[in-house]
Amino acid sequence: MTLSAPAKINLYLGVHTECDDRGYHKVDSLMAAVGLVDTVTVTPAQELSVQTIPASDFPMQKNTAYRAALAMAERYGREANVCVTIEKHIPLCAGLGGPSTDAAAVIVALAELWGVDRGDPALDDIARGIGADVPFFLHASPAFYVGGGDVLATEYPALPATPVVLVKPREASVSTIEAYRRFDENPVPADKPGAIASALRAGDAETAYALIQNNLGVISAQMEPQIQSVLDWLRAQDGTVAVDVCGSGACSFAICDTVATASNLAASAQQNGWWACATELISDTVRIEVPKK
Ligand SMILES: C[C@@](CO)(OP(=O)(O)O)[C@H](O)COP(=O)(O)OP(=O)(O)OC[C@H]1O[C@@H](n2ccc(N)nc2=O)[C@H](O)[C@@H]1O
Ligand SMILES: Nc1ncnc2c1ncn2[C@@H]1O[C@H](COP(=O)(O)OP(=O)(O)O)[C@@H](O)[C@H]1O
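- The name an unreviewed UniProt entry assigns to the protein chain is 4-diphosphocytidyl-2-C-methyl-D-erythritol kinase, from the organism Collinsella aerofaciens.
- Quoted verbatim from the Sequence similarities (unreviewed entry) heading of the UniProt record, the comment on the protein chain is "Belongs to the GHMP kinase family. IspE subfamily."
- UniProt's Catalytic activity (unreviewed entry) comment on the protein chain is quoted here verbatim: "4-CDP-2-C-methyl-D-erythritol + ATP = 4-CDP-2-C-methyl-D-erythritol 2-phosphate + ADP + H(+)".

See below:
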């Protein structure tokens, strides 16, 4: 079975200083999937294995896909005897949710193989046990998450296939843990999410894009000056409608007026030595690919 596992951007990220029992910050997170995908293949095997292309520099057992398979096996009393191959396209330490979407793809694949209803709430519990962003990839996009950013509050109508450019300084990487730690040292207050949530509920994409914000991204840009350089550059370009950091970074995104703007900006960003990709907002999260006849 082959699945496409998309990246996400945060249209709104509001981190608060309060933390829950796990030490997770209270987070309001409004996420949307984009068309940049990892491709995850899950096939029956003698035992569980996970490999990535290109190969990872960390043990298979630490891969979120491996952890998700074990958690599924434990919950449903089954053996996770599958070989998982992940073609990686989503950059690491980017705030694009790469590890989270890969984990969600394995949850969806095993649920399908074992006849588990995709609406089973246990899947959300397993997902949030792997990481705060994982539940998002099991549901519709865009959607609003509360709690630690891992509890679904509202799914919204699909947004138009809006052009987006993603730009990441190649050497920059921000650890999510470190970004939250620095936030605690010097918290930046967040505006309330009500206005952007209302715009999305009404299907008013233009108003929603004007209200994009991320108070954790402010911290990440302070931690990594190259993120600030990318933000400044994107904001100075013609045709960018809204610009912000993806989650905790180090990637940033711009909503663009046209497909041509997104692809021209990706080309110019690459000439600046940055990783960049022109893509668009999509309405699906993890999806099982139907084999071509
Ligand atoms: C910041 C966000 C925004 O979407 O994502 P990324 O930018 O990393 O993609 C999320 O809040 C991250 O989600 P995710 O990357 O899944 O985080 P996890 O693996 O669950 O947590 C990593 C660490 O971040 C901190 N953490 C995470 C979530 C949260 N609400 N409060 C926290 O303090 C904790 O220190 C935790 O140990
Ligand atoms: N399936 C996976 N794909 C990529 N990285 C993974 C995966 N599973 C675990 N990791 C680890 O997660 C780290 C990136 O995590 P994180 O910074 O939270 O990503 P992001 O911010 O891009 O969502 C990698 O450096 C790697 O060690």
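**Things to note about the packing of aromatic side chains**
Link 1 in the chain: Inspection of every chain in the model, using the stated rule, returns 4 aromatic pairs.
Link 2 in the chain: Look at Trp233 and Trp274: their rings are 5.5 Å apart centre to centre, the planes differ by 75°, and that puts the pair in the edge-to-face class. Of the two residues, Trp233 is situated in helix 8 (residues 225-236) and Trp274 in the loop between helix 9 (259-271) and strand 11 (275-282); the sequence distance between them amounts to 41 residues.
Link 3 in the chain: Overall, Trp233 belongs to the buried group, its relative accessible area being 17%.
Link 4 in the chain: One aromatic cluster is present, built from ring pairs that chain together Phe136, Phe137 and Tyr145.
Link 5 in the chain: Stacked on the ring of Tyr76, the Lys or Arg Arg75 has its end atom at 4.9 Å from the ring centre.

**Quick notes on the state of the cysteines**
Link 1 in the chain: Scanning the model with the defined rule gives 0 disulfides in all.
Link 2 in the chain: Residue Cys93 stays outside any disulfide, its sulfur separated by 12 Å from that of Cys251, the closest cysteine.
Link 3 in the chain: Its relative accessible area of 43% is what places Cys93 among the partly exposed residues.
Link 4 in the chain: A disulfide-free cysteine, Cys277 has its sulfur positioned 8.5 Å from the sulfur of Cys251, the nearest such atom.
Link 5 in the chain: Its relative accessible area of 15% is what places Cys277 among the buried residues.

**As for the packing of helix 2 (residues 98-113) against helix 3 (residues 121-130)**
Link 1 in the chain: Helix 3 packs onto helix 2 with a crossing angle of 150° between their chain directions and a minimal axis gap of 10 Å. In terms of orientation, helix 2 and helix 3 fall into the roughly antiparallel class. Pair helix 2 / helix 3 crosses with right-handed handedness. When helix 2 is examined against helix 3, the residues Ala103, Ile107 and Ala111 are found in contact with a partner set consisting of Leu123, Ile126, Ala127 and Ile130.

**A few points about the site of ligand 1**
Link 1 in the chain: Neighbouring residues of ligand 1: 20 residues in total, closest Tyr24, His25, Thr176, Tyr180 and Ser248.
Link 2 in the chain: Isolated, ligand 1 exposes 700 Å² of accessible area, and the fraction of that covered by the protein chains is 83%.
Link 3 in the chain: Among the cavities detected, the one that contains ligand 1 is the largest pocket.
Link 4 in the chain: Taken together, the elements giving at least two residues each to the shell around ligand 1 come down to strand 1 (2-19), strand 2 (25-44) and helix 4 (176-185).
Link 5 in the chain: Split by domain, the shell around ligand 1 shows at least three residues from each of two domains, domain 1 (2-157 + 284-288) and domain 2 (163-281).

**Describing the UniProt feature "active site" (unreviewed entry) in the protein chain**
Link 1 in the chain: The UniProt entry lists Lys8 and Asp133 under the feature "active site" (unreviewed entry), expressed in the numbering used here. With the annotated positions falling across 126 residues, the maximum pairwise C-alpha distance of 9.2 Å places them together in a single cluster. The annotated residues that sit in the lining of the largest pocket are Lys8 and Asp133.
Link 2 in the chain: Position of Lys8 among the secondary structure elements: in strand 1.
Link 3 in the chain: With a relative accessible area of 2%, Lys8 lands in the buried category.
Link 4 in the chain: Ignoring sequence-local partners within four residues, the contact set of Lys8 consists of Met31, Ala32, Ala33, Val34, Gly95, Leu96, Gly97, Asp133, Phe136, Phe137 and Gly247.
Link 5 in the chain: Of note is the side chain of Lys8, whose polar atom sits 2.7 Å from the backbone oxygen of Gly95.

Reading the values: rules and limits
- Once a new chain begins, its residue numbering starts again from 1 and follows that chain's sequence as written.
- Key to labels: chains lettered from A, ligands numbered from 1, both in the order written.
- Whole-chain, interface and lining totals are the exception, using all residues; otherwise, since this is a predicted model, local features are given only for residues with pLDDT of at least 70 and side-chain atom pairs are given and counted only at 80 or more.
- The basis for the side-chain values is all heavy atoms of the structure; hydrogens and waters are excluded.
- UniProt positions are given in the numbering used here, feature names are shortened, and annotations may be inferred rather than shown by experiment.
- Planes of paired rings set the category: under 30 degrees apart is stacked, over 60 is edge-to-face and the rest tilted, where pairs are Phe, Tyr or Trp rings (Trp by its six-membered ring) whose centres lie within 6.5 Å.
- Starting at the N terminus, helices and strands are each numbered in turn, a helix being any DSSP run of H or I of at least four residues and a strand any DSSP run of E of at least two.
- Each residue gets one of three labels from its accessible area relative to the maximum for its type: buried under 20%, exposed over 50%, partly exposed in between, using a 1.4 Å probe on protein chains only.
- We call a charge positioned over a ring when the NZ of a Lys or the CZ of an Arg lies within 6 Å of the ring centre and within 35 degrees of the ring normal.
- A pair of sulfur atoms, both from cysteines and within 2.5 Å, is called a disulfide here.
- In this analysis, axes come from line fits to C-alpha atoms, helices being fitted only over the stretch in contact, and the angle between any two N-to-C directions falls in the range 0 to 180 degrees.
- Each angle gets one of four labels, with under 35 degrees taken as roughly parallel, over 145 as roughly antiparallel, 65 to 115 as roughly perpendicular, and the rest as oblique.
- Throughout, a crossing is termed right-handed when the near helix is turned clockwise from the far one, and left-handed when it is turned anticlockwise from it by less than a right angle.
- Should any heavy atoms of two residues lie within 4.5 Å, those residues are considered in contact.
- By convention in these notes, a residue is near a molecule or strand provided one of its non-hydrogen atoms lies within 4 Å of it.
- With residues, only the protein chains shown are counted as cover, and all accessible areas are computed by Shrake-Rupley using a 1.4 Å probe.
- Here a cavity means grid points, on a 1 Å grid over the protein atoms only, where a 1.4 Å probe fits yet cannot get out; a pocket means an open set of points with protein on both sides within 12 Å along at least five of seven lines; lining residues are those with an atom within 4 Å of a point.
- Criterion for pocket placement: a molecule counts as inside a cavity or pocket if more than half of its atoms are within 2 Å of its grid points.
- Just so you know, the domain bounds were taken from an automatic or database domain assignment.
- Any pair of N or O atoms that falls within 3.5 Å is considered a polar contact. Within protein, one atom must be able to donate a hydrogen and the other to accept it, and sequence-neighbouring residues count only if both atoms are side-chain atoms.

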